[in-house]
Amino acid sequence: MDIKLKPLIEALQKGEKAVFFLGAGVSTSCGIPDFRSPKTGLYAQLQRLKLPYSEAVFDIDYFRNDPKAFYTLCDELYPGKFFPSTFHFLLRLFQEKDLLQRVYTQNIDTLEQLAGVNPAKIIAAHGSFADNHCIDCNERMLPEELKRQMNQKTVNDGIPTCPKCKGYVKPDIVFFGESLPAKFFDSWKEDSKAIDIAIVVGTSLTVYPFAGLPAECPITSLRVLVNNEVVGDFKRNKRKTDIILKNHCDEVASAIILLLDWQLDLDAIVDQRMKKLTKNAYLIRTTMVSNHSTELMDSLIYENTAEEFSDEVQDKKMAATEKTAKRVAEAIKSTEEERALQHDLANLSI
Ligand code: OAD
């Protein structure tokens, strides 16, 4: 893999910037299934929802008639329960090193932001859970209210409805049959004029218009695909300079970090994000924490999904979670002890 990565590493060492194109594969190691992987993908697991076809769960016409399938999944997919992967932190490292032009993501898990990527750099092509609207009268519903209604399973089956017109309310994630946000098109018009490096990761490149972006990158761009399988334009119109890595994306992230000698920077960022997240009382589960801590953290995150709170809200949340914060601190301590132990054990086995 190191040899294949050489042109990328050299370009980055020259200060060339990267545009990332992300799909669900970057979050599978965080515990979120992708869509189309056989067996493990979300669409393979949807028999229980008795859909006419898997993608109907995200189809606006289907939702209009039967929103239950989507809200059944929504409980599982709602952001706040997951912690960024090494790959998400790599994006943050690119930003720190002034090597990040943009992140185009199809994902709605907000893990790029949780890793500390500046929201101005992120184009959430398929929308997000940050806001919600009635599909009939377009009345806005705050996330807190949406979640309150979702959790009241005895009322309307937990399907949020508009207080004004009683229409169904849907998070602003882009469904099939809906257009992508204007920001996606505006930003791409600018970005596509000049791209040094295009890195496509964890996507089957099946859903357009997003899937068409790699083909629209300038011919001078160094294109990199990091994916379990060769997909889209990398398969149909492979360019001579394309780098194709059929590897786990976290493995590739670690290799890049090693080759660029960024390990200490990564550790510092992860530590800093952990502290920040703890301060906001929603420290999250991570591959680095022990299993017994994750349950506690999951429950905290559920209550604290927004990344940045206003001072007033933050103060209230801090007060309310003082007790749980103590428990988190204990959990972290035990996690650190466990990590130290694991480290010692690893050294012993060497
Ligand atoms: P898919 O599930 O279609 O594709 C994920 C790709 O990532 C597959 O090719 C996997 O093999 C690969 N993959 C999974 N884990 C990986 C890992 N750890 N390392 C490397 N590769 C990995 O997901 P998307 O392409 O994101 O749209 O799907 C696109 C859109 O289809 C989604 O945004 C969603 C869905 O319907 C809407 O909901 C509108």
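Computed from a predicted structure; not experimentally measured.

J.: What is the right way to look at the packing of aromatic side chains in this model?
T.: Aromatic rings in a pair are described by how distant their centres are and how their planes are angled relative to each other. Counted according to the given criterion, the structure contains 21 aromatic pairs. A centroid spacing of 5.9 Å and a plane angle of 50° characterise the contact between F83 and F89, whose relative ring orientation is tilted. Note on accessibility: F83 and F89 belong to one class, buried. Look at F184 and F185: their rings are 5.0 Å apart centre to centre, the planes differ by 85°, and that puts the pair in the edge-to-face class. Under the relative-accessibility criterion, F184 is labelled buried at 2%. Note on F185: relative accessible area 42%, which makes it partly exposed. One aromatic cluster is present, formed by F35, Y43, F58, F63, F70, Y71, Y168 and F175 through successive ring pairs. Taking the ring centre of F234 as reference, the NZ or CZ of R223 above it sits at 4.5 Å.

J.: In this structure, what is going on with the side chain of Q101? I would like to understand it.
T.: Within the secondary structure, Q101 sits in strand β2 (residues 100–105). Judged by its relative accessible area of 16%, Q101 falls in the buried class. Residues within four places of Q101 in sequence aside, it is in contact with K17, A18, V19, K121, D191, A194 and I195.

J.: Mind showing me how you'd approach the pattern of salt bridges here?
T.: Throughout the structure, instances matching the rule amount to 15 salt bridges. E190 is the salt-bridge partner of K193, the closest N and O atoms lying 3.1 Å from each other. Where salt bridges share partners, they join R223, D233 and D242 into one cluster.

J.: What exactly am I supposed to notice about the pairing of strand β6 (residues 169–173) here?
T.: Across a regular strand the side chains alternate sides, sitting on one face of the sheet and then on the other. The element β6 is largely enclosed, with a buried count of four among its five residues. As judged from the four bridges shared by strand β4 (residues 127–134) and β6, these two strands associate in the antiparallel manner. Note that in β6 the partner of H133 across the bridge is K170.

J.: Before we go on, may I ask you to explain the sheet that holds β4 in this structure?
T.: Paired through their backbone hydrogen bonds, the strands of a sheet run either parallel or antiparallel. Within the open sheet, the three strands sit side by side as β5-β4-β6. Their pairing is antiparallel. The outermost strands of the open sheet, each flanked by one partner alone, are β5 (140–141) and β6. Sheet contacts for helix α3 (residues 68–77): β4 and β6; angle to β6, the most-contacted strand, approximately 50°.

J.: When you look at the site of the ligand in this model, what are you seeing that I'm missing?
T.: Near the ligand you find 24 residues, and of these R36, Y43, T203, S204 and E229 are the closest. Within the contact set of the ligand, a nitrogen atom lies 3.1 Å away from a side-chain nitrogen or oxygen of T28. Contacts to the ligand include R36, whose backbone N or O atom sits 2.7 Å from an oxygen atom. Its free accessible area being 800 Å², the ligand has 95% of it covered by the protein chains.

J.: How should I be thinking about the side chain of N247 in this particular structure?
T.: Inspection of the secondary structure assignment puts N247 in the loop between β9 (243–245) and α10 (249–259). Among the polar contacts listed, one links the side chain of N247 to the side chain of E251, at a separation of 3.3 Å. The contacts of N247, once residues within four sequence positions are left out, are M1, V226, N227, N228 and V252.

J.: Is there a simple way to think about the state of the cysteines in this case?
T.: Structurally, a disulfide amounts to a covalent bond that connects the sulfur atoms of two cysteines. Within this structure, the stated rule accounts for zero disulfides. The thiol sulfur of C30 is not disulfide-bonded, and the nearest other cysteine sulfur, from C249, lies at 8.3 Å. The exposure class assigned to C30 is buried, which follows from its relative accessible area of 3%. Here C162 is not disulfide-linked; the sulfur of C137 is the nearest cysteine sulfur, at 3.7 Å. On the accessibility criterion, C162 (1% relative accessible area) is buried.

J.: Hey, could you run me through the packing of helix α4 (residues 86–96) against α10 in this one?
T.: For any two helices packed against each other, the geometry comes down to the angle between their axes and how far apart the axes lie. As a packed pair, α4 and α10 sit with axes 8 Å apart at the nearest point and diverge in direction by 40°. If you check the angle between α4 and α10, you find them oblique. Here α4 and α10 pass one another in a crossing that is left-handed. Residues T86, F87, L90 and L93 of α4 form the contact with α10, whose participating residues are C249, D250, A253, S254, I256 and I257. Residues that form the contact of α4 with α10 fall into these classes: seven nonpolar, two polar and one charged.

J.: Would you mind showing me how to read the nonpolar core here?
T.: Note that soluble globular proteins tend to have their nonpolar side chains buried in a common cluster. L8, F20, F87, F94, I199 and V201 are the most contacted members of the largest nonpolar core, which totals 42 residues. Once you skip the residues sitting within four places of it in the chain, V201 turns out to touch F20, F21, L22, G23, V26, F87, V226, N227 and C249. Membership of the second largest hydrophobic core comes to 35 residues, among which are L42, F63, M150 and C162.

Criteria and cut-off values
Residues numbered from 1 in each chain as written. Predicted model: local features only at pLDDT ≥ 70, side-chain atom pairs only at ≥ 80, totals over all residues. Heavy atoms only, no water. Phe/Tyr/Trp six-rings, centres within 6.5 Å; stacked < 30°, edge-to-face > 60°. Buried < 20%, exposed > 50% of the residue type's maximum accessible area, 1.4 Å probe, protein only. Lys NZ or Arg CZ within 6 Å of the ring centre and 35° of its normal. Helix = DSSP H or I, 4+ residues; strand = E, 2+ residues; numbered from the N terminus. Contact = heavy atoms within 4.5 Å. Salt bridge = Lys/Arg side-chain N within 4 Å of Asp/Glu carboxyl O. Pairing = 2+ DSSP bridges. Axes fitted to C-alpha atoms, helices over the stretch in contact; angles between N-to-C directions. Near = heavy atom within 4 Å. Polar contact = N/O pair within 3.5 Å; in protein donor to acceptor, adjacent residues only side chain to side chain. Areas by Shrake-Rupley, 256 points an atom, 1.4 Å probe, with all protein chains shown as cover. Disulfide = S-S within 2.5 Å. Parallel < 35°, antiparallel > 145°, perpendicular 65-115°, else oblique. Left-handed = near helix turned anticlockwise from the far one by under 90°. Nonpolar A, V, L, I, M, F, W, Y, C, P; charged D, E, K, R; others polar. Core = buried A, V, L, I, M, F, W, Y, C linked by side-chain atoms within 4.5 Å.

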